[in-house]
Amino acid sequence: MLVLVAPGQGSQTPGFLTEWLELPGAADRVAAWSDAIGLDLAHYGTKADADAIRDTAVAQPLLVAAGLLSASALGDVNPGAVAGHSVGEITAAALSGVLDDAAALSLVRKRGLAMADAAAITETGMAALLGGDPEVTVPHLEKLGLTPANINGGGQIVAAGTLDQLAALEADKPEGVRRVVPLKVAGAFHTRHMGPAVDTLAEAAEALTPADPKVAYVSNKDGKAVASGAEVLERLVGQVANPVRWDLCMETFNELGVTALLELCPGGTLTGLAKRALPGVKTLALKTPADLDAARELIAEHAA
């Protein structure tokens, strides 16, 4: 059984879309998406520097576009399940048929702008904690006023809060934590600081007509497979201000009997977590079109 997964913010790097745009029809498709949402995706995916693509309003639509483009390059895929980390859930919603590509990109553009506006209210950020025991780490973060915004499994938790709170964390690490690594994001996503974005996204969602997912859609709110398109959309709205439980998603993958995990462009982060948390599950990250042949072999072996 194959699960397709889409990465979240922080996985983008300068120029990562360049080789994908050389595939037949890719540049035209991305140009049409760019016109529809008022953002030059090709420019940001090929020529912009790290600071430019760190902007939340840019990074989010860029990641969804990259995920959809790399998925289409695979050809016919019949996964047993789909999931996404943070903004990657919008990619997963499109892959499962809940939203079409146009609706997904429209929603993520509004999401990115709303979260950028929310992030501008207070200087906030996120940092990954490597190592440690969640039962020790989570209470320690809460003591410092931080939120465990991503509980990723594989020994990784991401803390989010104000810059002062993150500085206090660096000076006072939880027992067992080896390193605190600042992330290339522009705010404390999946925390109360994103509250203003929820209302904006809820209004945007009212204009959409979701379909029920055609394959199992594993939600990172609680790791549950959601069968209703309306509920998927409701969860997409609420998740901007609530923690991502990727650890629970991976537990569900295990329960579903997943034997292979394929991470869409720009892959790497989620396959790394799976290698630690899902021993025996084959993993592959789509980083460039050079990975497509290996991905198709994986699909042929593990997709239904």
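Note that this is a predicted model, so its numbers are computed, not measured. Numbers given to residues run from 1 along each chain, matching the order in which its sequence is written. Two thresholds apply to this predicted model, a pLDDT of at least 70 for residue-level local features and 80 or more for giving and counting side-chain atom pairs, whereas whole-chain, interface and lining totals are computed over all residues. Side-chain numbers come from the whole structure's heavy atoms, not from hydrogens or water.

Q: Provide a residue-level description of helix α7 (residues 134-143), including the pertinent values.
A: The buried label goes to any residue with under 20% of its type's maximum accessible area, the exposed label to any with over 50%, and the partly exposed label to all in between, with areas taken from a 1.4 Å probe on protein chains only. Strands here are runs of E lasting at least two residues and helices are runs of H or I lasting at least four, both read from the DSSP assignment and numbered beginning at the N terminus. Turning to α7, its buried residues are Thr-137, Val-138, His-140 and Leu-141. Take α7 and look down its axis: the buried residues cluster within an arc of 165 degrees, on one side only. Relative to its buried face, α7 has exposed residues pointing more than 90 degrees away, namely Glu-135, Glu-142 and Lys-143. Here the buried face of α7 lies against β3 (124-131), β4 (147-153), β5 (156-162), α8 (163-171) and β6 (177-182). Under this definition, polar contacts are N or O atom pairs within 3.5 Å; protein pairs additionally need one hydrogen-donor-capable and one acceptor-capable atom, and for neighbouring residues in sequence, both atoms have to be side-chain atoms. Regarding α7, its N-cap is Asp-133, as a side-chain oxygen of that residue lies 2.9 Å from the backbone nitrogen of Glu-135 further along. The positive-phi residue at the C-terminal boundary of α7 is Gly-145, with phi of around 85 degrees. The directions from the helix axis to the C-beta atoms form the arc being described. We call two residues in contact whenever any of their non-hydrogen atoms come within 4.5 Å of each other.

Q: Tell me about the side chain of Ser-96, residues and numbers included.
A: Its place among the elements puts Ser-96 in the loop between α5 (88-95) and α6 (101-119). Polar side-chain contacts of Ser-96 include one of 3.1 Å to the backbone oxygen of Ala-93. If near-sequence neighbours (up to four positions away) are discounted, Ser-96 is found in contact with Val-82, Asp-212, Pro-213, Lys-214, Val-215 and Tyr-217.

Q: Provide a residue-level description of the pattern of salt bridges, including the pertinent values.
A: The working definition used for a salt bridge is a side-chain nitrogen of Lys or Arg within 4 Å of a carboxyl oxygen of Asp or Glu. Applying the stated criterion to the full structure yields 8 salt bridges. Its salt-bridge partner being Arg-235, residue Glu-231 comes within 3.0 Å of it at the nearest N-O pair. Of this pair, Glu-231 and Arg-235 both sit in helix α10 (residues 229-238), 4 residues apart, roughly one helical turn. Here the residues in one salt-bridge network are Asp-222, Glu-231 and Arg-235, joined through shared partners.

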